[in-house]
Amino acid sequence: MAYSSSTQDFVALSDLHPSLARPNVIGVVIGKTDVRGFPDRKNIGSERYTFSFTIRDSPTYFINVNSWGREEYIRSLSESFRVGDCVTIENPLIQSKEAEREEKFNPVTPSGYKLILSENHSVVRTFSCYEMDTKLLSLLHLPVKDPQDYYSLGDIIANGQSLDGRILNLLAAVMSVGEPKYFMTSDKRKGQRCEVKLYDETEMSFPIVCWDNESIQLAQSWIPRETVIFASDVRINFDKFRNCMTATVISKTIITTNPETAEANVLFSFIKESAQSGGLYDKMMQQSKDSVNLETIVDVYTVEQLKVKALQSDVKLEPIYGVIYGYISTLNIDDNASKVVRNRCSTCRFIVNEMSNTCTFCSDISSDLKSTFASFEILVDVTDHTGTLYSCYLSDCVAEEALGCTVQEFLTLAEDKKTALKWQLLLERSKIYFKVTLSPSWRTGMKVNVLSCKLADPIEASQTLLRKETGNKRLCH
């Protein structure tokens, strides 16, 4: 099959051959890598630049395209289109590919060839989705692998470390999309990272990490608890730091957003039914309790040590778990109930808009089926002899356990009773389990979630702090 327009004919990707003279091709971009530079062997001291992308013109055919040249040309070309755009390529060089070598780092394609772009001889033009042939547009929703050839998230968890380093396919829904985080590598290169949490019928929170700008930009377009993705050729690893399995987007990966397959439709139905029944939130809460096993958190910090560790460049990308023997120094629960209690949607269990008291996530559900319920959302300060952590997050069941009462019981208390409740915990030596993540949007630059807060055993606290202080002195000497 060949596409045609009023001005030119396009050769189908399946009909490409090195003997063709000045071919023109058209396709939708289904994958793309970042620009990178490397030393130019012919001109010592200078650099050449490259990036690659993958185009598709039929359900069964797609091909990799490599671009080489000056930095200005390569960056300009790369910035002219994104995954999901339609491009035409005039006069590319058609080369046979060395499948075993090239497919180690590039997407596996059915074509025996690859296209090479030359600044002097090739031209790439971009079309918007409104100008695209609907047949091309539909290709964006077809996985490049067999739609039944994937691992469920539960399968990956069950197989565990036996899958470490394996390349495989995933079909999952998007639970949340993290903010991109930027950093400087040891060799002074800029880097970036974005973590997306996935879920399916078998597992409610599974991390997939993007390290390149192209996949990060794609991820930012996904809608939590609505988008489904089929990710082909992601790398699975066991994260020793977090003691869990993770997936990573690599240069071979091609991600299909909202695939139109029978398997994806089953997952779409699961998302909808879970939101309407509230089952999604129930499973999330249960898994969050299971995933943070307090017995595995053994590192003890002072506030000062925690702040220093959080600022170290080698730990910026991962959360820090630990224990502080300190006390709650600010706990304003007897001032204004609206500052410590928020409403959640009873259907999907997510926080509702305070102004309209409506849920934006499940707004398509009839309003007479909706209701809200109250949940603790408290900001507290945690202090020890070395300093204070401001605006720590104490919420939901952790807050209920710390205060010794439910939200409903709290709301019925008179002001003097709330004050008495506050002083049962305020300024009392406590054993506080926490999770810290760096967050530029948070006022202090880091977000602290309290995982547990209970009055400390005085002997345990004293012995632990004494051992830690003794150990620090030995390190100093």
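Residues numbered from 1 in each chain as written. Predicted model: local features only at pLDDT ≥ 70, side-chain atom pairs only at ≥ 80, totals over all residues. Heavy atoms only, no water.

## Concerning the side chain of Thr248
Part 1 of the argument: Structurally, the position occupied by Thr248 is in strand S14 (residues 244-248).
Part 2 of the argument: Among all residues touching Thr248, those that are not within four sequence positions of it are Ile208, Val209, Trp211, Val234, Arg235, Asn237 and Thr253. (Helix = DSSP H or I, 4+ residues; strand = E, 2+ residues; numbered from the N terminus. Contact = heavy atoms within 4.5 Å.)

## Considerations on the nonpolar core
Part 1 of the argument: Formed by 36 residues in total, the largest nonpolar core has its most connected members in Ile328, Leu331, Ile378 and Leu403.
Part 2 of the argument: Leu403 has contacts with Leu331, Ile333, Phe376, Ile378, Leu421 and Leu425, leaving out every residue within four places of it along the chain.
Part 3 of the argument: Leu168, Val196, Met245 and Ile255 belong to the second largest nonpolar core, which has 26 residues in total. (Core = buried A, V, L, I, M, F, W, Y, C linked by side-chain atoms within 4.5 Å. Buried < 20%, exposed > 50% of the residue type's maximum accessible area, 1.4 Å probe, protein only.)

## Focus: the pairing of strand S21 (residues 430-438)
Part 1 of the argument: Examined bridge by bridge, strand S17 (residues 320-330) and S21 share seven bridges and lie antiparallel to one another. Within S21, the position partnered with Ile324 by the bridge is Ile432.
Part 2 of the argument: Summarising the sheet, S21 and strand S22 (residues 446-455) pair through nine bridges and their orientation is antiparallel. Paired with Lys435 across the bridge in S22 is Asn449. (Pairing = 2+ DSSP bridges.)

## Regarding the pattern of salt bridges
Part 1 of the argument: In total, this model carries 17 salt bridges according to the counting rule given.
Part 2 of the argument: Where Lys418 meets Glu415, a salt bridge forms, and the shortest distance between an N and an O atom there is 3.7 Å. Placement of the pair is Lys418 and Glu415 together in helix H11 (residues 415-425), with a separation of three residues, close to one helical turn.
Part 3 of the argument: For Lys418, a relative accessible area of 5% gives the class buried.
Part 4 of the argument: The class for Glu415 is partly exposed, based on a relative accessible area of 44%.
Part 5 of the argument: What you see here is one network of salt bridges that share partners, running through Glu98, Arg101, Glu102 and Lys114. (Salt bridge = Lys/Arg side-chain N within 4 Å of Asp/Glu carboxyl O.)

## A closer look at the packing of aromatic side chains
Part 1 of the argument: All told, the structure shown has eight aromatic pairs when counted by the stated rule.
Part 2 of the argument: Note on Phe51 and Phe81: the rings are 6.1 Å apart at their centroids and 45° apart in plane angle, and the pair reads as tilted. Residue Phe51 is found in strand S3 (residues 47-58), and its partner Phe81 is found in the loop between helix H1 (71-79) and strand S5 (86-90); the two are separated by 30 residues along the sequence.
Part 3 of the argument: Assessed through its relative accessible area of 1%, Phe51 is described here as buried.
Part 4 of the argument: Between the aromatic rings of Phe376 and Phe410, the centroid separation amounts to 5.4 Å while the plane-to-plane angle is 65°, which identifies the pairing as edge-to-face. Here the residue Phe376 occupies a position in strand S19 (residues 372-384), and Phe410 occupies one in helix H10 (residues 407-411), the gap between them amounting to 34 residues. (Phe/Tyr/Trp six-rings, centres within 6.5 Å; stacked < 30°, edge-to-face > 60°.)

## Section: the environment of Ser395
Part 1 of the argument: If you trace the backbone, Ser395 turns up in strand S20 (residues 387-395).
Part 2 of the argument: Judged by relative accessible area, Ser395 falls into the buried class, the value being 15%.
Part 3 of the argument: With 55 residues separating them along the chain, Ser395 and Val450 place their C-alpha atoms 8.0 Å apart.

## Overview of helix H8 (residues 303-311)
Residues three or four positions apart in an α-helix share a direction because the helix packs 3.6 residues into each turn.
Part 1 of the argument: Within the sequence span of H8, burial applies to Val303, Leu306 and Ala310. With its buried residues spanning 60° around the axis, H8 presents them on a single face.
Part 2 of the argument: On its buried side, H8 packs onto strand S16 (300-301), S17, S19, S20, S21 and S22. (Arc of directions from axis to C-beta.)

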